[in-house]
Structure formats: C-alpha cells, structure tokens
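Next come the chains, spelled out residue by residue.
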Amino acid sequence: MTILIANKVGHQFGGLCAVNDFNLKLHYGDLMGVIGPNGAGKTTLFNLITGVYKASEGSILFKGIEIVGKKPNQIAALRIGRTFQNIRLFRDLSVLDNVRIAHHSQTSYNVLEGLLHCGRYAREEQRIIDNSLRLLAIFNLSHLANETAKNLPYGLQRRLEIARALAISPELLLLDEPAAGMNPFEIDELMGLIQSIRKEFQLTILLIEHQMKLVMGICERIHVLDFGETLAVGSPEMIQNNPKVMEAYLGAIPS
Amino acid sequence: MMVLLKQRWDALLESAWLVPLLLVIGFGLAFAIPEYHLLSVYIQLILMYIGINIILATSLNLVNGYMGEFSLAHAGFMAVGAYTSVLLTMKVFPVADFPFLFPCAVLIGGLVAALLGMIVAIPSFKVRGDYLAIITLAFLMIVKSMIENIDAIGGPRGMSGIMKLTTLPWVFFWATTLLWMIRNFIYSKYGRGVLAIREDEIASDLMSVNTQQVKFFAFMLSSFCAGIAGALFAHLLQFISPRIFDITKSTDILIMVYLGGIASIGGSILGATIFTVLLEILRPSTMAALLSWLPPFIFTPLNDYVISHLGIWRMVIMPLILILVMLYWPRGIMGLREFRGFIPRRDKQVHPHNFLHEATNNDNSDRQ
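Just so we're clear, the structure is a prediction, and the values are computed from it rather than from any experiment.

### Some words on the overall build of chain B
- When its secondary structure is counted, chain B shows 16 helices and two strands.
- A globule of 368 residues ought to have a C-alpha radius of gyration of about 21 Å, and chain B, at 22 Å, matches this closely.
- Taken along its principal axes, the extent of the C-alpha atoms in chain B is 60 × 60 × 40 Å.
- Evaluated residue by residue, chain B yields a buried proportion of 42% over its 368 residues.
- In chain B, once contacts between residues fewer than 6 apart in sequence are set aside, the share between residues at least 24 apart is 78%.

### Observations concerning the nonpolar core
- Counting residues in each nonpolar core, the largest one holds 162 residues, and the members touching the most others are Ala163(A), Ile55(B), Ile228(B) and Ala229(B).
- For this core, the element with the most residues is helix H10 (residues 211–237) of chain B, which contributes 15 residues.

### Here's the deal with the sheet that holds strand E1 (residues 2–13) of chain A
Residue and element names in this part refer to chain A.
- Taking strand neighbours across the sheet as the criterion, the four strands line up as E2-E1-E4-E5 in an open arrangement whose pairing is antiparallel. Bordering the open sheet on either side are strand E2 (16–27) and strand E5 (65–66), each of which pairs with just one other strand.
- Bridging between strand E4 (residues 57–62) and E5 involves two bridges; their strand directions are antiparallel. Looking at E5, one finds that Phe-62 is bridged to Ile-65.
- The sheet contacts of helix H1 (residues 42–50) involve E1, E2 and E4, and relative to E2 the element is tilted by about 65 degrees.

### Observations concerning the environment of Ala218(B)
All names here are of chain B.
- Tracing the sequence through the fold places Ala-218 in helix H10.
- The exposure class of Ala-218 is buried, given the 27 C-beta atoms found within 10 Å.
- Along the backbone, Ala-218 and Glu-14 are 204 residues apart, and their C-alpha atoms lie at a distance of 29 Å.

### A word on the pairing of E1(A)
All names here are of chain A.
- Direction of pairing for E1 relative to E2: antiparallel, over a ladder of eight bridges. When the bridges of E2 are listed, Leu-4 appears paired with Leu-26.
- Between E1 and E2, which pair antiparallel in sequence order, lie two residues; one of them, Gly-14, sits at a positive phi of approximately 60 degrees.
- Taken together, the five bridges between E1 and E4 define a ladder with antiparallel strand orientation. Within E4, the residue paired with Ala-6 across the bridge is Ile-60.

### Digging into the interface of chain B and chain A
- Across the contact, 34 residues belong to chain B and 39 residues belong to chain A.
- When residues of the side of chain B that touches chain A are traced back to their parent elements, those giving at least two are helix H7 (168–186), helix H8 (189–199), helix H9 (201–206), H10 and helix H16 (345–350) of chain B.
- Per element, the largest residue contribution to the side of chain B that touches chain A is seven residues, and it comes from H8(B).
- When the residues that make up the side of chain B that touches chain A are grouped by side-chain class, the tally is 13 nonpolar, 13 polar and eight charged.

### Section: the packing of helix H2 (residues 18–36) of chain B against H7(B)
Residue and element names in this part refer to chain B.
- Two elements in contact, H2 and H7, have axes separated by 8 Å at closest approach and are oriented at 155 degrees. Here H7 runs roughly antiparallel to H2, going by the angle between their axes. Counting all contacts with H2, which are made through Leu-23, Gly-26, Phe-27, Ala-30, Phe-31, Ile-33 and Pro-34, the residues of H7 involved are Leu-168, Pro-169, Phe-172 and Thr-176.
- For the contact of H2 with H7, the per-class residue count stands at nine nonpolar, two polar and no charged.

### Details of the pairing of strand E7 (residues 172–176) of chain A
Residues and elements named next belong to chain A.
- Burial analysis of E7 places five of its five residues in the buried class, the great majority of the element.
- Side chains Leu-172, Leu-174 and Asp-176 project from E7 onto one buried face, and the interleaved Leu-173 and Leu-175 project onto a second face that is buried too.
- With three bridges joining them, strand E6 (residues 80–82) and E7 adopt parallel strand pairing. What sits directly across from Arg-82, in E7, is Leu-174.
- Across five bridges, the pairing between E7 and strand E8 (residues 204–208) is parallel. Across the sheet, Leu-172 pairs through a bridge with Thr-204, a residue of E8.
- As for the winding sense of the linkage, the β-α-β connection from E7 through helix H7 (residues 184–201) to E8 is right-handed.

### Let's talk about the sheet that holds E8(A)
Residues and elements named next belong to chain A.
- Strand order in this open sheet of six strands is E6-E7-E8-E3-E9-E10, and the pairing throughout is mixed. If you trace the sheet from one side to the other, it starts and ends with E6 and strand E10 (229–234), each paired once. Between one strand axis and the next, the sheet turns through 15 degrees on average, direction left out of account.

What counts as what
Residues numbered from 1 in each chain as written. Chains lettered and ligands numbered in written order. Predicted model: local features only at pLDDT ≥ 70, side-chain atom pairs only at ≥ 80, totals over all residues. Helix = DSSP H or I, 4+ residues; strand = E, 2+ residues; numbered from the N terminus. Rg over C-alpha atoms; globule rule 2.2 N^0.38 Å. Buried ≥ 20, exposed ≤ 12 C-beta atoms within 10 Å, placed from the backbone. Contact = placed C-beta atoms within 7 Å. Core = buried A, V, L, I, M, F, W, Y, C linked by C-beta atoms within 7 Å. Pairing = 2+ DSSP bridges. Axes fitted to C-alpha atoms, helices over the stretch in contact; angles between N-to-C directions. Nonpolar A, V, L, I, M, F, W, Y, C, P; charged D, E, K, R; others polar. Parallel < 35°, antiparallel > 145°, perpendicular 65-115°, else oblique. Right-handed = clockwise from strand over helix to strand, strands pointing away.

This is how it looks when you write it as structure tokens:
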C-alpha cells in the first residue's frame, strides 16, 4: 500500500531549478531518508509536499488525494506532520500550548460553541489537554509543560517540535534535519526516539539529515538529491557504495 | 497572621464564585445607581463611557494584542455601528413605544460592523504588519468620507436629536456579555490559533490551523464589538458626526490597549478605565472642582495659569503618556498576563501560573 506518490514533481524559483523530475513512492510504515549536499532541494521538497510552495510541475498523491494546490492547513489536516530545519516553535507560548495548537484541525467544535463555551467545547478541550499531556510525557517534557517554549534548551526544543508535529496525529511525518546541532550521545537518543514513535504511532517517516550515523542507522531506503536531480535511490549499503553519490559528496574521484 | 491573610486572599481569588458574585453585585449596582441616584449624573456618565471604552479596548486588543496585527480601523467600525443603530432608532423602529427595540438596533449595528470587519479581514490574508496598518487606515478614511458624502444621514454635519437610550444597566450588560464572548473566544481553539498566528503564521498553518478562518472570526468579533460600542456611544452622546470617528478616536483606543497591556483582557479593562478617568480629570472644570479645597492664595494663580489652559494641554499629555509607556513599560500594566478570575477553570489547572503565557524576565533567546 502506497501512502505518498510523487510523480515528476518540479519546482523553479525564478530561473533556478530547485527540484526537477522528482519521483517517490512511499509505502505505509516506510522510513526513508533524503540526503544530498546543501542546496540540493531537500527542504524545498518538504515545502512542496506540505503546501508551503505549489509545485510548478507534476503531481503529489497522498493516500490517493492530489495535494498539489491545497493550502498547508488542508494538507496538515490530511495528516502530514512536519518539523523544521530552523526550529519554528511558537516561542512565546507555553510548551503545552505549542502542542495544543496543533490539535486545531481535529477539534470538532464550531465557532459558536467556542464563543459560548457550550456544546462539544468542554469535552473536546479536555481531550486536547489529555492528548497533549500524553504526548509531552512520551517526550519527557511533562515537567516543562508550563515553561515558555523559547526558554527550553536546544535539544528539548527539537523534541518539542516533534511532539507538536505528532499532535496533528500524522500518518506521514516529515523530519527536517532532526539531529542538526546534536552531539553523538543525543543522536543515539534521537534514533531510539524515532524508532519508538514510529512503532507507537504507526508512522511513515521521511527525513532529511546530514548526520550519516543517523541516516545509515535507521533509514531503510535513501533518496539522494543533488541540484534538484535524483542521483540515486536504494538501501543504505547501495548508497554508500554508489560512485555517483561519492562524487557528489566528496568530489570527483581521481582515476 | 500576615501569612494567614495572604492565604485567605489567595483562596478568595481562586474561588469559582468570585467572578459570578462580582457580576451580580455589578449588575445590581448598575440598576440601583440610576434608580436611587446613588451617584451624580456626571459620575454615571463617566461610568458609561468607561464601559464603552472597555468594550472598544478589549476588542481592539484581540486584533492588535493577541493577533499581533496593527489595525487602525476601529473607529470606522464604531461609526458603522453608530450610524446603523441611529438610523434604526430614529427612522425605522418605534423605540418610544417599544423600548426593547433598542438592544435590537444595537445588535444590528454590531452585525453590520461585523460584515465590514469581514471585508477588512480579506487583505489580512495576504499582508501583515505595516502594510495591513495602512490598509486599515485607508478603510477608516473610506468609511469617514462615505458618511460625509451621504446627505440622507446628515453628511459632514452629522445627526443630532438622537434619543438618549443608553443607560448604565445596558452598558453593563453589553460590556460583560461581549467581554465574556471575547474571553471565551481566546480560550478556545480559535484563540490559540490567533496566538499562533502572532508567533509564526506559516508554522501555524503547517500545524493545521486554518489561518484564514481564524483571522476572519477574529476580525469579525472585534468589529462586532466595536459596532456595538459605537451604537451605545451614539445613544449616549445623542449626536454623531463623521468627525467623531476619525483617526484620533482610533488612537485613543490604541492608547488604552497599550497602556493596559497587550494580549490581556484585564489589562484592557484597566487601560480603558485609567484613560477615561484621566481624560476627565484633565478637563479644566473637573480639575478646578477637584482642587477647589486648596487655599485661595494657591488655587487662584494655579487656576489662572494652569487649569484654564488644561484643555489644550491634555491633547499633549495623553500622547506623551503613550510615548512614555512605550519607552519604559512596553508591556503595559498587564501585558501578556491575565487576572486569574478570567481564565477558565480547565486552563487554570493546566497552567497553574498567573499567566496566560508566562511572561518571563530572563529571555534566553541567545541559547538558540
């Protein structure tokens, strides 16, 4: 069963081709890595999938629904969650509120019930709080629920971002450099965390990462991009031994 | 002993019946004061202005404080509410025979203002910050010049002979109802969406917040309240003209919001009250009456030079207060904090601090 199919997706910024002829098939439960040098179009790819940019060519089907042209919140409501390369938390809000906000699309009360605090309001709000606290507990952030997000140390901000992305109960989770700025010990911890949430929430995960330790350690398949073009797709072993990939990363190998 | 008193005081502030009790007392007083002439007519008038200003400040705070936009259109929404309701009470509704039609006229004034608020919400989907401020300013000018050019509603001369229908109980009723609704809105998924938009609009969109819908509702609620405040204002002043609803009116409301503190209902209540009272005290006649207990050899020269020129000086003093507040007290009195009584029980339990979102002094942004 495929969850995400990208077909001949392309995107240009002015004359610059950021992503070209990108094809991807993700099955339910996959854990796939996207790697490539800086400027290869990895984050643009995430922005295309989540609707920040509208792909200029091609189609992206998520659970059989065309998502090119949909607004980011509509795509998020279809259950695609993501994190950001540069942490984009709601900095001045509490840790709990960061997670609560991401429940927006799954909250069923309407604006009148919100204005009058009647009807489904009480039940739904309680459900949001319970679910948010459960998520924070999974990420060991419970004791910080009332802390302002910006006061958290860097590593915990990264964790909170993943918790917030899980609050929209995603089926597909996009992680944009989750290990950026982490030390080897923290990366090990993160690898365990990704594996465990994948199992617990039955996630399909697509992640961008520069830390080869993490990519080679947990990804089942790897997609290599360079200047918007797909260089190679395959298992970690195949990618590691692929001469084109080595060339892109290390420069031309003298013959 | 002191500790015990403090505990008692905290328990009192915590108790669930404090706010309902204050509401009942307030409503009782609102009826009793005009009925038994407990306070002078002048003080009653000021109380009504305070109520109207509280509605205005709190509703503007929704857009300027909670959402972090900068709207100057509030006086325009007021004008729409005022003119709509005045037309209804003067030309359509036989209010003299059926007094209950007055709240209907006020409500319709608010609804028409909300419709226009919807129109202002649309540009906010595309632009933010300074650009949106200019658009709202343009909207205010359009409303003003439209009214000036329609002769049927008095044009630049305005409308006079409006019945005095706004009473203290009505002001109290509308102020509490609207404040309750704004507070409910803020402590709902829509209110959290509004806060998220202030923090990071793209991130909130990606976290499934329907930003356009949230902005729509926030602008509509804000302008609805402004329209109702305008309707009450018109039936209190008994005279309206386009000049009343120009940019200075919007600025007055801005001063109340920023003095009281952004993103705080309690702050807006304080800001509106302080502003209104201060403006009254700075009237030459009020100041003279307040200082008349001074011995004549002090009072007479003071009156000759200072108090009699206060009418001009208060237009200097109020903006000066705004500048000083912005420089030395940018959060205002209650910025980003809230009275505990206003926070719903469920939110209080999960956020045990006295804050909507904790205002910390140690900004650790350099940790990034």
